[in-house]
Amino acid sequence: GNSVTQMEGPVTLSEEAFLTINCTYTATGYPSLFWYVQYPGEGLQLLLKATKADDKGSNKGFEATYRKETTSFHLEKGSVQVSDSAVYFCALTKGAGGTSYGKLTFGQGTILTVHP
Amino acid sequence: EPEVTQTPSHQVTQMGQEVILRCVPISNHLYFYWYRQILGQKVEFLVSFYNNEISEKSEIFDDQFSVERPDGSNFTLKIRSTKLEDSAMYFCASSAPSGVVFETQYFGPGTRLLVL
């Protein structure tokens with residue numbers, strides 16, 4: 001079945017540091033890939049997505065590139081802020097022609113803490 | 001901006017009691033989902049719902065669970081006889097089909113269920 005593996009956390013950085021959170025996946029066919037963010041006390045918010053190989057998703061300074069050859073979708077940000085402190089989830093869903101009706105499969109989440 | 005809403009935000013119940021968690025999806029969306037997140041663990045898919053029937057369900061979604069869209073706006077998850085291990089955050093999500101089969105899922109803020 002489909003699965004998503006994220007790097008072990010938690011991750012603690014100083015403000016303006018470079019962020020990478022690794023995500024690799026196992027799936028048949030051509031999944032769509034997502035990063036969701038969960039701020040303290042809130043629900044899941046879509047951060048960015050990519051629906052085909054070599055697509056780059058970007059939002060709020062975050063980027064991730066869909067790499068089919070390495071089955072990866074690593075999240076990066078050049079300069080993190082205290083307000084980026086949250087839990088980040090990598091997720092996938094089957095692409096067009098699949099039968100999963102959009103079921104999302106999530107990674108275990110990575111806690112990011114950014115200090116001033 | 002339209003959003004998914006969920007009520008209640010918190011619910012405490014006794015083991016063996018029935019609970020109903022309520023969700024109001026985004027109004028023009030057609031696919032509806034429930035997920036849960038046990039404290040410290042992954043977000044897990046429970047069920048998807050389309051055209052007034054279940055599209056897919058996970059092995060977690062046993063006979064104690066049911067979903068319903070009782071009117072044009074609400075989407076509910078019922079747990080018939082709660083167990084201690086049902087304690088979790090329950091998220092509702094909705095999505096709208098587009099030219100691509102699966103569109104982004106938008107999540108509600110969650111209902112935290114505590115079974116005593």
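The rules behind the values
Throughout this description, residue numbers start from 1 for each chain and increase along the sequence as written. Note on labels: chains are lettered from A, ligands numbered from 1, in written order. Side-chain atom pairs in this predicted model are given and counted only at pLDDT of 80 or more, local residue features only at pLDDT of at least 70, and totals for whole chains, interfaces and linings cover all residues. Side-chain measures were taken over the full set of non-hydrogen atoms in the model, leaving aside hydrogen atoms and water. Only DSSP runs of H or I with at least four residues qualify as helices, and only runs of E with at least two residues qualify as strands; both kinds are numbered from the N terminus onward. Based on C-alpha atoms, the radius of gyration is set beside the globule rule, defined as 2.2 Å times the residue count to the power 0.38. Any residue under 20% of the maximum accessible area for its type is buried, any over 50% is exposed, and the rest in between are partly exposed; the area is computed with a 1.4 Å probe on protein chains only. In this analysis, two residues are considered to be in contact whenever any of their non-hydrogen atoms come within 4.5 Å of each other. Shrake-Rupley sampling with a 1.4 Å probe provides the accessible areas, and residues are treated as covered by the protein chains on show and by no other component. Positive charges come from Lys and Arg, negative ones from Asp and Glu, while His and the chain ends are left out of the count. To locate a charge, the coordinates of NZ of Lys, CZ of Arg, CG of Asp or CD of Glu are taken. Take the buried residues of types Ala, Val, Leu, Ile, Met, Phe, Trp, Tyr and Cys, join any two whose side-chain atoms come within 4.5 Å, and each joined set is a nonpolar core. For two strands to count as paired, DSSP must find a minimum of two bridges between them. Lines fitted to C-alpha atoms define the axes here, with helix axes fitted over just the stretch in contact, and angles between the N-to-C directions of these axes take values from 0 to 180 degrees. Two cysteine sulfur atoms form a disulfide, by the criterion used here, when they sit within 2.5 Å.

Draft legend 1. Region of the structure containing the overall build of chain A. For chain A, the helix and strand inventory stands at zero helices and 12 strands. N-terminal to C-terminal, the α/β element order of chain A is β-β-β-β-β-β-β-β-β-β-β-β. Against the compact-globule benchmark of 13 Å for 116 residues, chain A has a radius of gyration of 14 Å, which places it among compact chains. Once the C-alpha set of chain A is aligned to its principal axes, its extents read approximately 45 × 30 × 20 Å. Sorting the 116 residues of chain A into buried and exposed places 45% on the buried side. Sequence-distant contacts in chain A: of pairs separated by 6 or more residues, those separated by 24 or more amount to 57%. Within the structure as shown, chain A displays about 5300 Å² of accessible surface, and the carbon and sulfur contribution to it stands at 49%. Once the 9 positive and 10 negative side-chain charges of chain A are each reduced to a mean point, those two points are 11 Å apart.

Draft legend 2. Structural context of the nonpolar core. Core analysis: the biggest nonpolar cluster contains 26 residues, and Leu19, Trp35, Leu47, Leu48, Phe73, Leu75 and Tyr88 of chain A have the highest contact counts within it. If you list the elements that add at least two residues to this core, you get β2 (11-14), β3 (19-21), β4 (23-26), β5 (32-38), β6 (44-50), β8 (62-65), β10 (86-93) and β12 (110-115) of chain A. If you tally residues by element for this core, the top one is β10 of chain A, at four residues. Core analysis: the second largest hydrophobic core is formed by 23 residues, Phe49, Leu77, Ile79 and Val115 of chain B among them.

Draft legend 3. A look at the sheet that holds β8 of chain A. All names here are of chain A. One open sheet accounts for four strands, arranged β3-β9-β8-β7; its pairing is antiparallel. Unpaired on one side and paired on the other, β3 and β7 (56-59) mark the two borders of the sheet. Taking each pair of neighbouring strands and ignoring which way they run, the sheet shows an average axis angle of 15°. For β3 and strand β9 (residues 75-77), the ladder comprises three bridges, and the chain directions are antiparallel. By the bridge assignment, isoleucine 21 is partnered in β9 with leucine 75.

Draft legend 4. Layout of the state of the cysteines. Tallied over the full model, the rule gives two disulfides over all chains. The disulfide that involves cysteine 23 of chain A links it to cysteine 90 of chain A, with 1.9 Å between the sulfurs. Here the S-S torsion is close to -70°, and the disulfide linking cysteine 23 of chain A with cysteine 90 of chain A is therefore left-handed. One end of the pair, cysteine 23 of chain A, is in strand β4; the other, cysteine 90 of chain A, is in strand β10, with 67 residues separating them in the sequence. Accessibility assignment for this pair places cysteine 23 of chain A and cysteine 90 of chain A in one class, buried. Cysteine 23 of chain B shares a disulfide with cysteine 92 of chain B; S-S distance 1.9 Å. Its S-S torsion of approximately -65° makes the covalent link between cysteine 23 of chain B and cysteine 92 of chain B left-handed. With cysteine 23 of chain B in strand β3 (residues 19-24) and cysteine 92 of chain B in strand β9 (residues 88-95), this pair connects stretches of sequence that are 69 residues apart.

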